[in-house]
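Letter by letter, the chains look like this.
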Amino acid sequence: MTTLKAKSDPQKLTIAEIVDTVSDGRIPLRFTAYDGSATGPEDAPYGLHLKSTRGTTYLATAPGDLGMARAYVSGDLEAIGVHPGDPYEILRAMTDLHFHRPSAKELAAITRSIGWDNLRPIAPPPQEHLPRWRRFAEGLRHSKTRDAEVIHHHYDVSNTFYEYVLGPSMTYTCAAYESEDQSLEDAQENKYRLVFDKLGLKEGDRLLDIGCGWGGMVRYAARRGVKVIGATLSREQAEWAQAAIREEGLSDLAEVRFSDYRDVPETGFDAISSIGLTEHIGVHNYPAYFGFMKDKLRVGGRMLNHCITRPGNRGGAKAGYFIDRYIFPDGELTGSGRIISEIQNVGLEVRHEENLREHYALTLAGWCRNLVDNWDKCVAEVGEGTAKVWGLYMAGSRLGFERNVVQLHQVLAVKLGPNGEADVPLRPWWKG
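Residues numbered from 1 in each chain as written. Predicted model: local features only at pLDDT ≥ 70, side-chain atom pairs only at ≥ 80, totals over all residues. Heavy atoms only, no water.

(A) Quick peek at the overall build of the chain. Per the secondary structure count, the chain includes 17 helices and 13 strands. Taken across its 432 residues, the chain has 55% of its residues classed as buried. Considering only contacts within the chain whose residues lie at least 6 apart along the sequence, 70% involve residues at least 24 apart. With the model as given, the accessible surface of the chain reaches about 18800 Å², and the carbon-plus-sulfur share is 50%. (Helix = DSSP H or I, 4+ residues; strand = E, 2+ residues; numbered from the N terminus. Buried < 20%, exposed > 50% of the residue type's maximum accessible area, 1.4 Å probe, protein only. Contact = heavy atoms within 4.5 Å. Areas by Shrake-Rupley, 256 points an atom, 1.4 Å probe, with all protein chains shown as cover.)

(B) Helix α16 (residues 375–382), seen in detail. When we look at burial in α16, the residues that qualify are W375, C378 and V382. What you see down the axis of α16 is that its buried residues fit within an arc of 65 degrees, all on one side. Structural note: α16 exposes D376 and A380 on the side pointing more than 90 degrees away from its buried face. Looking one or two residues past α16, G383 carries a phi angle of roughly 95 degrees, positive in sign. (Arc of directions from axis to C-beta.)

(C) Representation of the environment of P418. With respect to the secondary-structure elements, P418 resides in the segment after β13 (407–414). Taking the C-alpha atoms as reference points, P418 and V299, separated by 119 residues in sequence, lie 8.5 Å from one another.

(D) Expanded view of the sheet that holds strand β4 (residues 77–80). Spatially, the 4 strands line up as an open sheet ordered β2-β1-β3-β4, and their pairing is mixed. The strands lining the two open edges of the sheet, one partner per strand, are β2 (38–39) and β4. Relative to β4, strand β3 (residues 47–50) runs antiparallel, the two sharing 4 bridges. The residue of β4 that forms the bridge with H49 is E78. (Pairing = 2+ DSSP bridges.)

(E) Inspection of the packing of aromatic side chains at higher detail. Inspection of every chain in the model, using the stated rule, returns 17 aromatic pairs. Ring centres of F161 and W390 lie 5.7 Å apart, and the angle between their planes is 65 degrees; on these two criteria the pair is classed as edge-to-face. Within this pair, whereas F161 is found in helix α8 (residues 159–166), its partner W390 is found in helix α17 (residues 384–402), the two being separated by 229 residues in sequence. Exposure remark for W390: the relative accessible area of 4% places this residue in the buried category. An angle of 50 degrees between the planes, with centres 5.8 Å apart, marks the rings of Y162 and Y172 as tilted. Pair noted here: Y162 is in helix α8 and Y172 is in the loop between α8 and α9 (184–198), with a separation of 10 residues, a long-range link. We note that Y162, like Y172, is buried. (Phe/Tyr/Trp six-rings, centres within 6.5 Å; stacked < 30°, edge-to-face > 60°.)

(F) A look at the pairing of strand β5 (residues 206–210). The element β5 is extensively covered by neighbouring structure, given that 4 of its 5 residues are classed as buried. As paired strands, β5 and strand β6 (residues 227–232) are joined by 5 bridges and run parallel to one another. Bridge pairing in β6 places L208 opposite I229. Handedness of the β5-helix α10 (residues 216–222)-β6 crossover: right-handed. Here 4 bridges tie β5 to strand β8 (residues 269–275), and the two strands are oriented parallel to one another. Looking across to β8, one finds that I210 is bridged to S274. (Right-handed = clockwise from strand over helix to strand, strands pointing away.)

(G) Structural detail: unusual backbone geometry. Despite not being glycine, N404 has its phi angle at roughly 60 degrees, a positive value. Residue position: N404 is located in the loop between α17 and β13. A positive phi is found at D423, a non-glycine position, where the angle reads about 55 degrees. By the element assignment, D423 lies in the segment after β13. Accessibility expressed as a relative area gives 57% for D423, which makes it exposed.

(H) Here's a closer look at the pattern of salt bridges. If you walk through the whole model with that rule in mind, you get 19 salt bridges. E354 is paired through a salt bridge with K198; the nearest N and O atoms lie 2.6 Å apart. Note that E354 is positioned in strand β12 (residues 349–355) and K198 in helix α9, a separation of 156 residues in sequence. By relative accessible area, K198 is classed as buried at 1%. Where R338 meets E342, a salt bridge forms, and the shortest distance between an N and an O atom there is 2.9 Å. Within this pair, R338 and its partner E342 are both found in helix α14 (residues 336–345), separated by 4 residues, close to a single helical turn. Overall, E342 belongs to the buried group, its relative accessible area being 11%. (Salt bridge = Lys/Arg side-chain N within 4 Å of Asp/Glu carboxyl O.)

What is shown is where atoms sit, not what they do.
See below:
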């Protein structure tokens, strides 16, 4: 490793020397800075370039991954060797980059070198959501008002942008791959087929799809003669989905409402699907959430819950700083065991569960390819900062699923009859 110095004051550390100090000098990529200093292997395929003092301020004044995200999204930290639509390779390299808390002596030297003016917090990029303590002004956590606001923050970016990133299916949940070389579109269709078959749906049945997004599951079921109501807190999603329903001639069977799922008055459904909603619910709300599904099902009706989980089951886990501020405000994950317990605690019987962790890594890789292929159009639609947020988020999430930091579980349950009747076949009735 070579550390280059370019400083006029020998008592001050260069930016590269500061990086060496807080990382024990083990840098798996090339790092360069606006002061002319550099560290890390000169022949590294990937690198980071800190372009300004504003970037230094972001890095020094925000915890964890938030400071780096702020500097990157604002354009003050440049990733070298990767496309901003898919920075996966540099993120994978950075997993070997470890920082430690500097000693008092080291901290004094770093502070003197950076300067107090660059240690005063500054406004974050405009893509960043309010911190948790500020959100209380918008309502209690997971109240209808606050849930609507955080869903709007994430999903009402631009339907056109989502069309570029998600592809024709407009499906923003994990696909189910039959093989690693299957196309993203075919894998998303296969996911809907899997959910449909697990629920045992048939022509004339009634399905409620809560958190329905752009209505992919709604339209899949309606094409097969099922009567479907979908609910989403995103107005833009609801409008897009209703237009797609009309275009396919499915209006007699399908409807997507701009509504909180808790406000759906109908009951007696044959099945309920929840695909990618549980992450937004909040662990302490699970009893009411799964209790709602039980109350809406007929006896013998089935529900399928498809959501991101943690590998462990102890309590709920808030999202990291970057995810909470830029992607899923108020997002909260727990383990599949906790989810299964909560489903059974409200009186539903769990019949099957499976982990699709690797499938989500493949799905995210597909979305990143779409973002790269449509980069200029995406930037024109939402701006470079927002497009970079999405590339960073999706590539980082892919790495998380590959390394078992997060998982994706489908849990199938049934509402039993008064004498324990489940009304299901003895063995799995669907193709995996």
